[in-house]
Every structure is written in structure tokens, then in C-alpha cells.
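The chain contents come next:
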Amino acid sequence: MELKKELEALKGDYEKKFEEINNLQELQKLKAELLGKKGKITQVLKNLKNVPPEERKEIGKLANQIKQFFEDLIKAKEQSIKDKLLEEELKKSQIDITLPPFWIEAGAPHVVKETLKEITDIFVTMGFSVAEGPEVEREEYNFDMLNIPKDHPARDMQDTFFINKEGYVLRTHTSPVQIRTMLTKKPPIAIVAPGRVYRKDADPTHSPMFHQIEGLFVDENVTFKDLKGILKKFLETVFGENISIRLRPSYFPFTEPSVEVDIGCTVCGGEGCRVCKSTGWLEILGAGMVDPNVFEAVGIDTEKYTGFAFGLGIERIAMLKYRIPDIRLLFTNDLRFNTQFKGI
Amino acid sequence: MKVPYSWIKEFVDIEEDPNIVAERLNETGLETTVEKFGEYIPNLITVRITSVKKHPEKDKLFVCEATDGQKTYQIITGADNVKENQVVILAKEGAVIKGQEIKPVKFGSFESEGMFLSLEELGLEDESEGILLLGEDAPIGVDASKLLNLGEDYIFEVEITPNRGDALSVKGLAREIAAIFNKKRKEINPNVSIGKEKNPQISVETEKVNRYRGIVIENVEVKDSPFEIKLKLIKSGQKPINNVVDITNYILLQEGQPLHAFDLDKIEGQIHVRNAKEGEVFVALDGNEYNLKETDIVIADDKKVLALGGIIGGENSKVDENTKHVLLEAAHFEPSAIRKTAKRLGINTESSYRFERGVDIESLPLAQDKAVELIEKIASGKPVGEKEIYQNVYTPKTIKLREKTTKRVLGENIPKEEACEILNRLEIPTQEVEDGTVSQIPAFRAYDLQREIDLVEEVGRLKGLNNLEETYPAVPTLSYEKPEWYMFEQKTRQFFLDNGLNEVLTYTFVGEEIYNKLGLTPPNLRIVNYILKSQSVMRDNLTVSLIDVLKENLRHQTKDVAVFEISSAFFDDLEEIRAGILVSGKIIDGYRYTKEKTTFSTDLQWDFLKVKGLLLSYLASLGFKDAELQSADLPFLNRYESADIFIDGKNVGFFGKVHPKKAEELKIPKNTYVGELKLKPVSRELQPLEKEDYLFTLYKRRKTPAFQPLPKFPPVKRDLAFEVPEDFEVGKLIHEIKNSCKFAKKVKLFDVYYLGNGKKSVAVSVEFNADDRNLSDEEVNSIVEELIKELEERLDVKLRT
Ligand SMILES: [Zn+2]
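Here goes a summary of the coordinates provided. (Residues numbered from 1 in each chain as written. Chains lettered and ligands numbered in written order. Predicted model: local features only at pLDDT ≥ 70, side-chain atom pairs only at ≥ 80, totals over all residues. Heavy atoms only, no water.)

## As for the coordination of the zinc ion
Residues and elements named next belong to chain A.
Step number 1: Coordination of the zinc ion by the protein comes from Cys265 (SG), Cys268 (SG), Cys273 (SG) and Cys276 (SG), over a distance range of 2.2 to 2.3 Å.
Step number 2: Classification of the site at the zinc ion rests on its 4 donor atoms, whose angles at the metal span 103 to 112°, yielding the label tetrahedral.
Step number 3: For the zinc ion, the single-chain donor residues occur in sequence as C-x2-C-x4-C-x2-C.
Step number 4: On the accessibility criterion, Cys268 (18% relative accessible area) is buried. (Donors = N, O, S within 2.8 Å, 3.2 Å for Na, K, Ca; no water. Tetrahedral: all angles 85-135°; square planar, octahedral: opposite > 155°, others 65-115°. Buried < 20%, exposed > 50% of the residue type's maximum accessible area, 1.4 Å probe, protein only.)

## Side note on the packing of helix 2 (residues 18-27) of chain B against helix 4 (residues 170-180) of chain B
All names here are of chain B.
Step number 1: Between helix 2 and helix 4, the shortest axis-to-axis distance is 11 Å and the interhelical angle comes to 90°. Considering their axes alone, helix 2 and helix 4 lie roughly perpendicular with respect to each other. Across from Val21, Arg24 and Leu25 in helix 2, the residues of helix 4 making contact are Glu176, Ile177 and Ile180.
Step number 2: A class-by-class count of the residues in the contact of helix 2 with helix 4 yields 4 nonpolar, no polar and 2 charged. (Axes fitted to C-alpha atoms, helices over the stretch in contact; angles between N-to-C directions. Helix = DSSP H or I, 4+ residues; strand = E, 2+ residues; numbered from the N terminus. Parallel < 35°, antiparallel > 145°, perpendicular 65-115°, else oblique. Contact = heavy atoms within 4.5 Å. Nonpolar A, V, L, I, M, F, W, Y, C, P; charged D, E, K, R; others polar.)

## Points about the interface of chain B and chain A
Step number 1: Residue-level contacts link 98 residues of chain B with 106 residues of chain A.
Step number 2: Summing both sides of the interface, chain B and chain A together bury roughly 8,700 Å²; the carbon and sulfur share of this comes to 58%.
Step number 3: Linking chain B with chain A are 11 salt bridges, by the criterion used here.
Step number 4: Salt-bridge contacts for Arg248 of chain A lead to Glu31 of chain B; the nearest nitrogen and oxygen are separated by 3.8 Å.
Step number 5: Where chain B meets chain A, there are 54 residue pairs in polar contact (both at pLDDT 80 or more).
Step number 6: Of the residues that constitute the side of chain B that touches chain A, the class distribution is 39 nonpolar, 28 polar and 31 charged. (Buried area = accessible area lost by both parts, 1.4 Å probe. Salt bridge = Lys/Arg side-chain N within 4 Å of Asp/Glu carboxyl O. Polar contact = N/O pair within 3.5 Å; in protein donor to acceptor, adjacent residues only side chain to side chain.)

## A few points about the pairing of strand 5 (residues 72-77) of chain B
Step number 1: Bridge count between strand 4 (residues 62-67) of chain B and strand 5 of chain B: 6 bridges; the pairing is antiparallel. Pairing of Val63 of chain B across the sheet is with Ile76 of chain B, part of strand 5 of chain B. (Pairing = 2+ DSSP bridges.)

## Considerations on a negative patch on the surface
Residue and element names in this part refer to chain B.
Step number 1: Taken together, the side chains of Glu726, Asp727, Glu729 and Asp796 present a region of like negative charge at the surface.
Step number 2: Checked against the element boundaries, Asp727 lands in the loop between strand 40 (716-725) and helix 19 (730-740).
Step number 3: By relative accessible area, which is 67% here, Asp727 ends up exposed. (Patch = residues over 30% accessible without salt bridge, like charges linked within 9 Å, V, L, I, M, F, W, Y side chains within 5 Å. Areas by Shrake-Rupley, 256 points an atom, 1.4 Å probe, with all protein chains shown as cover. Lys, Arg positive; Asp, Glu negative; His and termini not counted. Charge placed at Lys NZ, Arg CZ, Asp CG, Glu CD.)

## Observations regarding the pairing of strand 12 (residues 154-159) of chain B
Residues and elements named next belong to chain B.
Step number 1: As judged from the 3 bridges shared by strand 1 (residues 2-4) and strand 12, these two strands associate in the antiparallel manner. Paired with Lys2 across the strands is Glu157, a residue of strand 12.
Step number 2: Bridge count for strand 2 (residues 31-36) against strand 12 is 6 bridges, and the pairing is antiparallel. Opposite Thr32, over in strand 12, you have Val158 as the bridge partner.

## Digging into the packing of aromatic side chains
Step number 1: The final tally for this structure, using the stated rule, is 29 aromatic pairs over all chains.
Step number 2: Pairing Phe123 of chain A with Phe128 of chain A gives two aromatic rings, centres 5.5 Å apart and planes at 75°, and the pair type is edge-to-face.
Step number 3: Residue classification places Phe123 of chain A among the buried positions, given a relative accessible area of 0%.
Step number 4: The structure contains a cluster of three or more aromatic residues connected by ring pairs, namely Phe123, Phe128, Phe217, Phe234, Phe308 and Phe310 of chain A.
Step number 5: Lying over the aromatic face of Phe444 of chain B, Arg175 of chain B brings its terminal NZ or CZ to 3.4 Å of the ring centre.
Step number 6: We note Arg639 of chain B situated over the ring of Tyr640 of chain B; from NZ or CZ to the ring centre the distance is 5.8 Å. (Phe/Tyr/Trp six-rings, centres within 6.5 Å; stacked < 30°, edge-to-face > 60°. Lys NZ or Arg CZ within 6 Å of the ring centre and 35° of its normal.)

## Here we look at helix 7 (residues 176-184) of chain A
Three- or four-residue spacings in an α-helix give side chains the same orientation, since the helix completes a turn every 3.6 residues.
Step number 1: Among the 9 residues that make up helix 7 of chain A, 7 are buried, leaving the element largely enclosed by the rest of the structure.
Step number 2: Along helix 7 of chain A, the residues classified as buried are Pro176, Val177, Gln178, Ile179, Arg180, Thr181 and Met182 of chain A.

## Notes on the sheet that holds strand 43 (residues 798-799) of chain B
Residue and element names in this part refer to chain B.
Step number 1: Strand order in the open sheet formed by 4 strands is 41-42-40-43, and the pairing between neighbours is antiparallel. Two strands lie at the open edges of the sheet, namely strand 41 (744-754) and strand 43, each paired on one side alone.
Step number 2: In this structure, strand 40 lies alongside strand 42 (residues 759-768), joined through 10 bridges in antiparallel fashion. Its bridge partner lying in strand 42, Lys717 is registered against Glu767.
Step number 3: Across the sheet, helix 19 lies against strand 40, strand 41 and strand 42, angled at about 155° from strand 41, the strand it touches most.
Step number 4: Along the sheet, helix 20 (residues 777-794) contacts strand 40, strand 42 and strand 43; its crossing angle with strand 40, the most-contacted strand, is approximately 20°.

## Considering the side chain of Gln257 of chain B
Step number 1: With respect to the helices and strands, Gln257 of chain B occurs in the loop between helix 6 (243-255) and strand 15 (259-263).
Step number 2: Look past the residues within four positions of Gln257 of chain B in its chain and what remains in contact with it is Ile251, Leu252, Ala330, Ala331, Phe355, Val359, Asp360, Leu364 and Ala367 of chain B.

## Focus: the pattern of salt bridges
Step number 1: Within this structure, the stated rule accounts for 91 salt bridges over all chains.
Step number 2: Lys680 of chain B is the partner of Glu132 of chain A in a salt bridge, and the nearest nitrogen-oxygen pair spans 3.2 Å. Taken together, the residues Glu132 of chain A in the loop between strand 1 (129-130) and strand 2 (136-138) and Lys680 of chain B in strand 39 (residues 672-683) connect one chain to another.
Step number 3: Relative accessible area serves as the criterion here: at 33%, Glu132 of chain A is assigned to the partly exposed category.
Step number 4: Judged by relative accessible area, Lys680 of chain B falls into the buried class, the value being 11%.
Step number 5: As a salt-bridge pair, Glu412 of chain B and Lys225 of chain A come within 2.7 Å of each other at their nearest N and O atoms. In this pair, Glu412 of chain B sits in the loop between helix 10 (403-410) and helix 11 (416-425) while Lys225 of chain A sits in helix 8 (residues 224-239), so the two residues belong to two different chains.

Here you go:
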């Protein structure tokens, strides 16, 4: 039974040896030493012929078991060393995840353009189409056909830039797009017209160029109450469900009745502050029922159709929404300003 | 317009809180704010100045004595309008004026026992000249705060819309308030009798004066106005001048009827109300000389122009302290004529403001008689003659308001009984008829109420438009049009945003200077009445504005600038919507990183190929895969690094590097690239423009791609290197390979190498593919051989071996 003892000693001995190994070369060496052609176990098995036959079977079995044991052990050990090496390698090339990235940063939209888009989208979603017109506009479309005759004080409501092109002005509002639309399309008409407009206001609260969006809805049976509904829905979408809305009768030559629409001050919530000049209200848009004179100018039957129109200034809404204190900031194009509104 | 509440109360019995009155006025269409008239200040007393002497020691100061009837005060003042006998307001010891407590103060060897006050010190105006003179008839020894109603009266500030000239007076506001609160307005009729002995000679020689009435008043005593009149004027924000002038202003404020008083002794011959003569010169009360045109209306005598009708009086006939007899004019001028003249000459007076917006032609005599009554009473004048020419007599228009029209427009059924009641409350005589109401439009609303819709508005606004319950209409499907351009624009915008460009917003007008600096001819289209010369030229490209954006940012040390804008360029007959880009400096301002054998840099500079990549990637995103470039020749670009962009042979834009000389002149970095793409033409006519050299036009016409079967057989790759002249365009080779061999499906450039002998080596990798079979090696060899032969024949290229 010497051989049996020898084998068991070998097992204990080498189990310990393998445990201490931590690189692949030594593992291969030790594997050869134990399991190679001249390895220890091979030697034991060679001596098996000297063992009495009745024990031979038992020892042979034991030797094979031990051989198998070590083969498994080596395989596992090899894997673990490889894993460790890979881990070390990966660790060595570890990236500092706090390093600044290497990609182009998305640009920032301009607040005015983005607000214009947001508002246009609301109406487009409601089913309005989008119309446009030139900025160097016929005086006729900008004024006369909108029921703003020459030598009428209503022309003073909008200080006009005149162009060295006879009969043309820089449009003072987006309303001439109403005229263009009604001259080319038959009711029903439901459009919005976003765009640049121009007024000769040279004070710090105005810009000579700014943006408006105009809405026009003409069909049979369109009423003032419908106007109120559309505007309410729109203002609630922009400013939130809880916004309070007030309609004040006013005057625009191209609508009658006309109203100014106020919302509860979004800054102070109606308490009164500098922005709302302590009134608790902010004037946000002008609207009204299309004046029959306008329908007559474009050849729409006033007994058959009614319509409403509205217009609002985009800069004011953007300034309110993003708490921008000075309109001039919108036009300086200082990227330190523009990039504040990335992702809006 | 400022109107004291107390004055309104003379014409309508109303005791409502002034804030509620203002709120209701706002709700019915008159934009109104209300403020207290000053604040009660204790220790103010009225005193009469009994003597005024120059301060013997101090320049510009006066030593005054004043009495409150019992006590005499010594007051030192710097106001040079102090006058003996005038009643003024004295702030006694203990009064707090603008936060400062009044105490006796020594000025040299004289002690001042208080301070005479100006309107400014009372907190009633922003800046005063001199102290407030209350006149000689004001009571003395009384609480001055009480006398002025400080903190008691309220002032309405009303801003009317251009259609509401009728509300530009105490009377008009009283009428409106009476209607709102359902009260009766009171009219106080004057008691005057005008003699016939000295009727003036007046002829109206123009159609633009509808009514003219002149009254001769003799022996007026021009002096200070009585306190009561002064106080009302002060409360209304007006400066008292003298009794005659003050009375005309008083009536203008109260009745809304502008009046003018001429010094009768300065009139030579008769009065002619006529059109001005071309080139006639007139010196107005504002001291300015005006050149008149035939469209202007003048009041003239036989020799000279006395006044610019309805706008402003003349220096040569003005009423002053020496005036004895006056001619008091009340007239009605055609609004458009007044506006034309006032606008041209840049004059805006209380008078022109009202005439432009329409004055009540029918109550002209009433208003004028009220003035005459006052002149008799306080200037002791005698009306001794009158002449009236009423050539365009007002006939009230009859307007029917149908119940169904109100319903159609407002969406609310307002019964005719209610409409009738509302209109009558507004002093519009109205009767019910079968299907609605019929109104006679009074003269005070003549310009505003001309059609049925105008009455719908009246009824609506009084009923309260804000109270109407909203309805939610369905937008008709029939009107729907896909917003193709809008979507295209947004797609373009989103592309540039996603690719790292920031959106900017520039003015579409620029100065000439930038054009000169860029070597471009400034466009013709200009703003005639510009605010700034540097904002007067309508730009015909976006680059001129984008360079400004770069400069603005360089000022703030922002050097890496990548911006875009979608905006308009202007031409004589059309406008173009363009996408403009400007990039300068680095795409990524990165860092270098080295670790053992790994090294990289995250720095990325803009250069020609990157800008080309950006623009071509944009075009590809629209489905334009075959954009071609040709060298551009623009004066502000480096012609060796710039290109025009063509799609289907149409020039749709350009881009390139700013010419180094221009960059230097503009003080911008040399590494600056600009580009513009023409997106869409905008017609000034009604028909849209369908010009082909615009991306949107091409986009709408592009074919919808149809599915192509995927290749069934694997490609065979071959690398080929050619020797070509240095200036040979690589693109031509790539194009030609695809063109001359139907099996060459893909050509990829992988190496360009300048050989130094005027030649360069261009290496490409070509993928060969047949649709129906595997290409064998031998087959590919012969294809390549054929291809090379073809290329060498057609181009200046040689295969390198
Ligand atoms: Zn507020």
C-alpha cells in the first residue's frame, strides 16, 4: 500500500503547490512536473505493475481520480490567472470618466425662434395651416385693405418704416398675411402667420424688428365666443391650466369688436409687481372679429361669413416665460446669452 | 388725458369708489388708471405775499413778507415768480416736504419761517418752474392741503383708442360713466346773450371746415384766472396762463371743443377761413416758422395768416396782457385734413389731437357759449357780435341693428330690448323694431358709429365681452394644408442645432460700411426714415449680419463661434429665405492626452472639409445626395477655399473661407468660414414663386426613393493608385470611375500623396459587384484593365505600378 500513500502525499503536496502559483508559465511547469510524460503521477502509474494485482485496480482508480482532480484544478487555475491578467490589463487602461467628452455639443436655439415655433406648433396641432408673406409689403395690404386708411389716426398706432420702393413699407404687423390669404383662398380659412415685423420705435422697451404670430379663422358661424375659446385653450397651453384671462374691449381697425387679452401676471401671480406695473395683469395679445370692411376689401360675403383674427408679440411672451429683463438681450447675439437656452 | 373725478361728478351723480369706476371703464374699452391727487400734508397754509425785496446779501434770493390774515411771516425764497398780492402755499414749521421737515433757516442775516411751495414740492408734478401761484382771489389763512383737495380728489388717466374721440373730455367721460352705471348725465346750460351790434366779417372759403363760429368780445380784462379754474387746470395737468387762454383750455377739457381766441385789434380786415397758399409762411405760438401747403387750412385776415386752423394759433394775433378785444373762434375741421397737416409739420396739440379724432359738431355753440359766459364772468368781457357759417350740416345716420347680426358675431343672443336699452344709455337715440333696433347716430359718435357692426360692438362692450361664455370651435378639415415650408424650415433649423451650431437672430437691416468692407456693392433697397444709418440698408445676404455676430462675440472673448440663422435677404422684386452659417475657431476646444503608447487630441478646428461636410450632410438629410461644388468667386472669400453649391445644375448656395485681407480689415480671425443656402423665394405678388434654384423648390420636386433589391453577391475589392497632376481634382477621378464602369459600385479615396514633381498619387479602393453573378478574379482583372484603359484615355491620369 506504499503507492497509495505516495499518491495521497503527492496530492496533498501538489494541491498546496498549485495554490501558491499565480502565473501561467509556472502553472505550465508544475503541470508538466505532475502530469507530464515524466511527471510524478505518470511515474506512479508506471510503478503500478509492481503492485499486487488485487490492489492494482484500487490504486489505478485512485491515481486516475487524482489525475482528473489536478487537471480540473489546473484548468480552473489557468482561467483565474487569465481573468486576473485581463483585469489588470483593463485596469491599466482605465479611462478617467470625468474627462471632457470628445463630441460636438448640440447648439442652442434662439428663445424667440423657439417660442415662435412652440406657439405655431400649438395652432398647427389644432388644425391651423401656416401662411407667410413678404416683409417688404404693399402699403395697401399692410394698411388700406385692413381698414387703416391714409390720414386716419389709426395709422399712428404703428410707427412705420418706409422703403425707397413706391407703395411699399416694412410690414408693421403680420396682418397683411390675412389679406394675402383671403385674396387667394376661399373660406373656410384657418391659418397662422408667424414672422418678422418692423416698427420705428426707438426706445429701450421696443425693438425696431420683432416677431408676431397672426391667426385668422373664417367660416360660416364663427363667433366671438369661438375666438374666446381658441384663445383660452392656447393661453392655457402656453402658460398652464390655471392662468387667468381677461378680455378688454379695445380698438383695431381690422377687427370689430376688438379686444385686448390680458393674462394674470405670471411673475407676481396677480399681486402686483414691476413687470405688470402693479395691475396684476399682463397685456398679451390683441384680437377681434374680422371687420366687414376687410371682408369687403378681399371680396368675402359678409352676410355669409364671419371670422376672427388675433395677433401676438413673440418677444414679450419669450421674455415673460424665460424671465428676460431687457428686450435688447434678444438681439445682441452674445452667445453667453443665447447658450443659456439650450434644450428649451 | 387726465381728468379729476371731482370734475366728472359735476356732470353725473356718482359716488362709486374711483377704483371701481376705472375698472369698469377698462372693462368697457377705455384704458384707465386712477391715482389720488397728491397726499394730505399737515401744516400747509395759504398766505398772501405782502412784500418782495431782493436779499441784500445773497444773489438770486428774495426776502418776502406774507400774511395769513392774522400772522405775518418772513420767508426767503429763490423762486423768481414771487409776486406781491399773490396767494401762495406756505409750508410752516413742522410740515414735511419730500421727506424733509421744515424748520426756521437763516439765509445770511435773514431767517425764513417756512417755505413757499411749488407743484413739484407738493408731489403733483415731476419738475416745476417757480412756486405755485394760486391767484389773488384765493382764500388766505386756510389749510392749503384741504383747499387743493390733496389726498381727497382722484385723477383718472385715460388713454383712448383712435376711434373714441368722443371720450376726450370731462363731458365725454361723464357720458360713458353714466352709461356704465346707468345714471343720468347732467347738462348745465349757459346763460349768455350775444349782441348784434358788432358782428364780425367771416367767410369760409374751404370745404374742409364744416362749421365756423366767431364771437366778438369787447373789453376783456386779461389777468390771472380765478383759483377755482386754476385748480381744475392744475389737476388736469395743465399750466394756467391767463384768464382768456385758461378759459379756452378749460372748455376744451370740459366739453372737448377746441377754441381759439384772437386779439381782435391785431386783425386787419375780415376773417378768411381758407386753404393755405403754396409756400405761405406762418409763425406759430410755439415759436416755429412753418411752410404751408395748399392742403393746410388757415385762418387769415386780409393781410396775413393768423392761425393754422384746428392746430395752433399764431404769434401775430395772440392774446396777452395788453389785449382789449377778442375774437373767440369755435370750429369744426375735417379730421383727415387736420391730420395730414399736423403729421407733415410734426405738430401735436390738444386741439389737433381732438380734431383728428372727431369733435362733436352739434354741441359746438353750447361749448362756445359756456366759454363766453366764463369770459363775461371772470374777464368782464362783453359779447357784442357773432357770425356762424355751418356749411356741412350734420344729418344723423340711421343704423339698424338686427338681433341676428349680434348673435352671428358674438355668438350670444342679446334681445332687442336689452340692446335698445344699452344704446339709449349711451345717448344713442334708439327704438325697437320687429327684428332689432334702429338708431339715430348722434354727432359725437359720427366718425365711430357708421355701420351695423359698430353697434354690435357698442352693445357687446357694455354688456361685457369678458363675460361671454367661450365655445370651442372645430377647425374645418377643408381648410387644412400641410405646412410644408414650415416643416422644412424647422427641419433645417433642427439639423444645424443638432450639429452644434447656435441659432442667432439678427436685424435684417444693416449699414453700408460692412458692404464696403466686404468689397460688395450695397443693395438699393433702403429704409427712408431709418432710426440709425447703420440700420438702413435692407441686406441682400446673411453674411453681412453674421460677421457682426462674430465681432460681437469676439468683444466678449468668445472666439469659438459656430452660428446659423434662417432669415431673409431682400431684393428689388423678391425676398429670399436663406440659411446662413458662420464658423470660426474651433469646433471643439479640446485637450491632448498621452498615456504610454496611446495619444490623442480632442481639439478640432474648423476647416474647409468640415464645413463642406456639415453642408453636404445637411443636403443629404434632405435627400440631395449629389450636390456638386464649383469654385466660387466672391470678393470676400478666399477663392482657393470656397465653392458654389449645385444641385441638379442649380446654384443653391455658397460657402468658403473669408479672404485673409478682409479678415484683417474686419478684425476677425483668419480661420473664419461663412456659407449661405437659398431655401425659398418669397413673392411680393399674390402668386407664389416657383423658382428652381432654391432648396425648398427642389425638395418638393424630389422623387420619392423606390426600393432597390439588395446585392445578392459579395463585392470584390481592388486598390488602385494613380499618378495625376497636382491640380487634378480627385472628385473627377471618383466620378469618372463610377461613370465608366457599371460594376464599380463604390469608390473610396484612401490616400493622396504629393510626389513633388508636379504630380500627386491618388489611391482609391473600388468595390466591384454584378447584380446577377459572382465576379471571378479573372473577370475583375479584365474589368479593372478595361477601366484603367478608359480612365487613362479620358483623364490625365496614369496607373502607378
Ligand atoms: Zn405682476
